[in-house]
Amino acid sequence: MNKQTGFLLFLLIFIFIVVGMVFFKPPPPAIIIAPEVVFRTSFLNITNTMFTSWIVLILMIVSSFFIGRRFSLVPSGFVGGLEFIIGGFYDLIISITGEENGRKFFWVVATIFFWIILNNYFALLPGNFHIGMTEPGYGETQAVFEQTTILGIDTAYIPIGGDSVNAANAIKPATEGGNFSGILAPYFRSVNTDINTPLAIAIFSFIFVEYWGLSALGFGYLKKFFSFNKLLKGNPMGIIDVFVGLLELVSELSRMVSFTFRLFGNIFAGEVLLIMMGFLVPLLVINIFYGLELFVGFIQAFVFAMLTLVFAQTAVSHHDDSSH
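Keep in mind it's a predicted model, so treat the numbers as computed, not measured. (Residues numbered from 1 in each chain as written. Predicted model: local features only at pLDDT ≥ 70, side-chain atom pairs only at ≥ 80, totals over all residues. Heavy atoms only, no water.)

**As for a nonpolar patch on the surface**
Alright, step 1. On the surface, a nonpolar cluster with roughly 400 Å² of combined accessible area is contributed by Ile58, Val62, Phe65 and Phe66.
Alright, step 2. Its place among the elements puts phenylalanine 66 in helix H2 (residues 48–68).
Alright, step 3. Classification of phenylalanine 66 as partly exposed rests on a relative accessible area of 49%. (Patch = residues over 30% accessible without salt bridge, like charges linked within 9 Å, V, L, I, M, F, W, Y side chains within 5 Å. Areas by Shrake-Rupley, 256 points an atom, 1.4 Å probe, with all protein chains shown as cover. Salt bridge = Lys/Arg side-chain N within 4 Å of Asp/Glu carboxyl O. Helix = DSSP H or I, 4+ residues; strand = E, 2+ residues; numbered from the N terminus. Buried < 20%, exposed > 50% of the residue type's maximum accessible area, 1.4 Å probe, protein only.)

Right, here's the structure in full:
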């Protein structure tokens, strides 16, 4: 690349940044940790993360049904690529745990991996932050919305280049000029930014790991948590085994906390990063951060699944008094 081409490329990038910041700059972001309620029923308030999880689940079930009917002895195209991914993931698990344990662990570990990664990637689709339910702002204001009717449906939108407002602005009633100031609660939001979801997956992982340990070793599995043999035999050094066992128990329970906050923290931070970069440098530069989030979404799903696999393999391994 010569200097002239490099200069033109730099100039083009600069123009994209300026045009995006001047003409396509979105309203100031409203960073809200708790998921927003987007649908209300007489018995249940449905949040955007809950609604998104239902959509992803429906897409997984429908796609699995149609893809499963197209499997063949010589797969090709998209089905062949999907079979290659699943087969490669299965081979990885077998290489770590062996054939017997691998077949036992695969369906749980694969479910965790694909559920997390599909939810992470669904959150990167266009419209996740831009389509939702508008609410008048009382104390927190994001933008001025214009109201109109499309096909008989009342619709509020933020016009391109529309004026942003801050919390000090007076709220405009909808009857005054058809506009109002408030915030946008998106219909779709990354499921894993709701701490309840990572916690549920962590509990799911914990239950299966303990179940596999008990089914493989019986009640002998509990010896690594409650080791009183030496103490009951009159050996005072047995108190060390008791203490180590309690540490093992605390470590086992705290794993749910670490799993939860690792996934929640990384995905929520990624969502905040995308929202802020979309506000500061829309159009071109934000694509770099979308690429980064594609990588992070995969890594978080893979780490969660592999840690579950490693702990499961550890749980079914034999423990004795000297293993501590």
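On we go from here.
**As for the pattern of salt bridges**
Alright, step 1. Inspection of the entire model under this criterion finds 4 salt bridges.
Alright, step 2. A salt bridge links glutamate 271 to arginine 189, with the nearest nitrogen and oxygen atoms 3.3 Å apart. Residue glutamate 271 is located in helix H7 (residues 238–280), and its partner arginine 189 is located in the loop between strand S6 (179–186) and helix H5 (196–217); the two are separated by 82 residues in the primary sequence.
Alright, step 3. By relative accessible area, glutamate 271 is classed as buried at 8%.

**What to know about the environment of asparagine 192**
Alright, step 1. Tracing the sequence through the fold places asparagine 192 in the loop between S6 and H5.
Alright, step 2. Along the backbone, asparagine 192 and phenylalanine 264 are 72 residues apart, and their C-alpha atoms lie at a distance of 5.8 Å.
Alright, step 3. Looking at asparagine 192, its side chain comes within polar contact range of the side chain of asparagine 120, at 2.8 Å. (Polar contact = N/O pair within 3.5 Å; in protein donor to acceptor, adjacent residues only side chain to side chain.)

**Regarding the packing of aromatic side chains**
Alright, step 1. Tallied over the full model, the rule gives 19 aromatic pairs.
Alright, step 2. Geometrically, the ring pair formed by phenylalanine 39 and tyrosine 187 is stacked, given 5.5 Å between the ring centres and 5° between the ring planes. In this pair, phenylalanine 39 is assigned in strand S1 (residues 37–40) and tyrosine 187 in the loop between S6 and H5, connecting sequence segments 148 residues apart.
Alright, step 3. Classification of tyrosine 187 by relative accessible area gives partly exposed; the value is 25%.
Alright, step 4. Between the aromatic rings of phenylalanine 259 and phenylalanine 311, the centroid separation amounts to 6.1 Å while the plane-to-plane angle is 45°, which identifies the pairing as tilted. Taken together, the positions of phenylalanine 259 in helix H7 and phenylalanine 311 in helix H8 (residues 286–316) put the pair 52 residues apart, joining distant regions of the chain.
Alright, step 5. Judged by relative accessible area, phenylalanine 259 falls into the buried class, the value being 3%. (Phe/Tyr/Trp six-rings, centres within 6.5 Å; stacked < 30°, edge-to-face > 60°.)

**Topic: helix H3 (residues 77–97)**
Alright, step 1. Compared with the 30 Å implied by 1.5 Å per residue over 21 residues, the 31 Å span of H3 between its first and last C-alpha is a close match.
Alright, step 2. Buried within H3 we find Val79, Gly80, Phe89, Tyr90, Ile93, Ile94 and Thr97.
Alright, step 3. Those residues of H3 hidden inside the fold are in contact with H2, helix H4 (99–122) and H8.
Alright, step 4. Positive backbone phi, at 95°, marks glycine 98, one or two positions downstream of H3. (Expected span 1.5 Å × (residues − 1). Contact = heavy atoms within 4.5 Å.)

**Re the environment of glycine 291**
Alright, step 1. Here glycine 291 is to be found in helix H8.
Alright, step 2. Along the sequence, glycine 291 and leucine 124 sit 167 residues apart, while their C-alpha atoms lie 9.8 Å from each other.

**Considering the packing of H4 against H8**
Alright, step 1. H8 packs onto H4 with a crossing angle of 160° between their chain directions and a minimal axis gap of 9 Å. Taken together, the axis directions place H4 and H8 in an arrangement best described as roughly antiparallel. Remark: the crossing between H4 and H8 carries right-handed chirality.
Alright, step 2. Here the residues of the contact of H4 with H8 sort into 17 nonpolar, 6 polar and no charged. (Axes fitted to C-alpha atoms, helices over the stretch in contact; angles between N-to-C directions. Parallel < 35°, antiparallel > 145°, perpendicular 65-115°, else oblique. Left-handed = near helix turned anticlockwise from the far one by under 90°. Nonpolar A, V, L, I, M, F, W, Y, C, P; charged D, E, K, R; others polar.)

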